[in-house]
2 protein chains.
Amino acid sequence: MNNRIKELRAEKGWSQAALAEALEVSRQTVIALERGKYDPSLPLAFAIARVFGQSIEDIFQP
Amino acid sequence: MNNRIKELRAEKGWSQAALAEALEVSRQTVIALERGKYDPSLPLAFAIARVFGQSIEDIFQP
DNA sequence: TCCTTTTGTAAAGTGTCCTTTACATATGGG
DNA sequence: CCCATATGTAAAGGACACTTTACAAAAGGA
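Residues numbered from 1 in each chain as written. Chains lettered and ligands numbered in written order. Predicted model: local features only at pLDDT ≥ 70, side-chain atom pairs only at ≥ 80, totals over all residues. Heavy atoms only, no water.

An unreviewed UniProt entry lists chain A under the name Helix-turn-helix transcriptional regulator, from Maritimibacter dapengensis.

A.B. asks: Before we go on, may I ask you to explain the UniProt feature "domain: HTH cro/C1-type" (unreviewed entry) in chain A in this structure?
C.D. replies: As annotated by UniProt and renumbered to match this structure, "domain: HTH cro/C1-type" (unreviewed entry) occupies residues 5-59 of chain A. Split by type, residues 5-59 of chain A is 71% helix and 0% strand. Its first and last C-alpha atoms lie 7 Å apart. (UniProt positions renumbered as here; feature names shortened; annotations may be inferred. Helix = DSSP H or I, 4+ residues; strand = E, 2+ residues; numbered from the N terminus.)

A.B. asks: Help me out: how do you make sense of the nonpolar core in this one?
C.D. replies: Buried together is how nonpolar side chains tend to be arranged in soluble globular proteins. Counting 38 residues, the largest nonpolar core has Ile 48, Ile 56 and Phe 60 of chain A together with Ile 48, Ile 56 and Phe 60 of chain B as its most contacted members. Not counting residues up to four positions away in its chain, the partners in contact with Ile 48 of chain A are Ile 5, Leu 23, Leu 33, Pro 40, Ile 59 and Phe 60 of chain A. (Core = buried A, V, L, I, M, F, W, Y, C linked by side-chain atoms within 4.5 Å. Buried < 20%, exposed > 50% of the residue type's maximum accessible area, 1.4 Å probe, protein only. Contact = heavy atoms within 4.5 Å.)

A.B. asks: Would you mind going over the protein's contact with DNA strand C with me for this structure?
C.D. replies: Taken together, 18 residues lie around DNA strand C, and Gln 16 of chain A together with Ser 26, Thr 29, Tyr 38 and Ser 41 of chain B are the ones closest in. Near the protein, within 4 Å, the atoms of DNA strand C are sugar or phosphate in 61% of cases. Thr 29 of chain B has a polar side-chain atom sitting 2.2 Å from a phosphate oxygen of DNA strand C. Every element with two or more residues in the surface near DNA strand C is listed here: α1 (5-12) and α3 (27-34) of chain A together with α3 (27-34) of chain B. For the surface near DNA strand C, the element with the most residues is α3 of chain A, which contributes three residues. Taken together, the residues of the surface near DNA strand C sort by class into five nonpolar, seven polar and six charged. (Near = heavy atom within 4 Å. Polar contact = N/O pair within 3.5 Å; in protein donor to acceptor, adjacent residues only side chain to side chain. Nonpolar A, V, L, I, M, F, W, Y, C, P; charged D, E, K, R; others polar.)

Spelled out as structure tokens, the structure:
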């Protein structure tokens, strides 16, 4: 499952730490997601979509 | 996180076993999801959206 | 150069997602 | 009544999602 987290975070000009805080997860989680180490849980996917103002389908591609 | 899986499955007239097969998961997983025991993984959420022809956001509400 | 910020790796621990197996109960058709 | 179908519970095990802590390395500004 690919995602556009890193790209969207760059557009916002946020650091990984800032995104982690916005998502209420650890920085390690942001790193792992961006590097495709694993997929987020569904609740976290919703949070990611919310902070970037896009749909889950727009950010994640199976 | 609430979901409309049971309702959508009823509309299709599918048994839990039939849905499980369509999703390529066990029947136990379908039961657990419908009864809100836990949320699906993101890949499974995509599969559920696909078999019902709706968006993830339409099926799951945080 | 020095210091701060940012990004990355590693490891160990906890809880969740999903599996298989087994058994129980309800319902409807023959 | 008998049997098949549908739904549910329980329990044990494996893999994944997420955490905390610690350390390493690159990059930019003063």
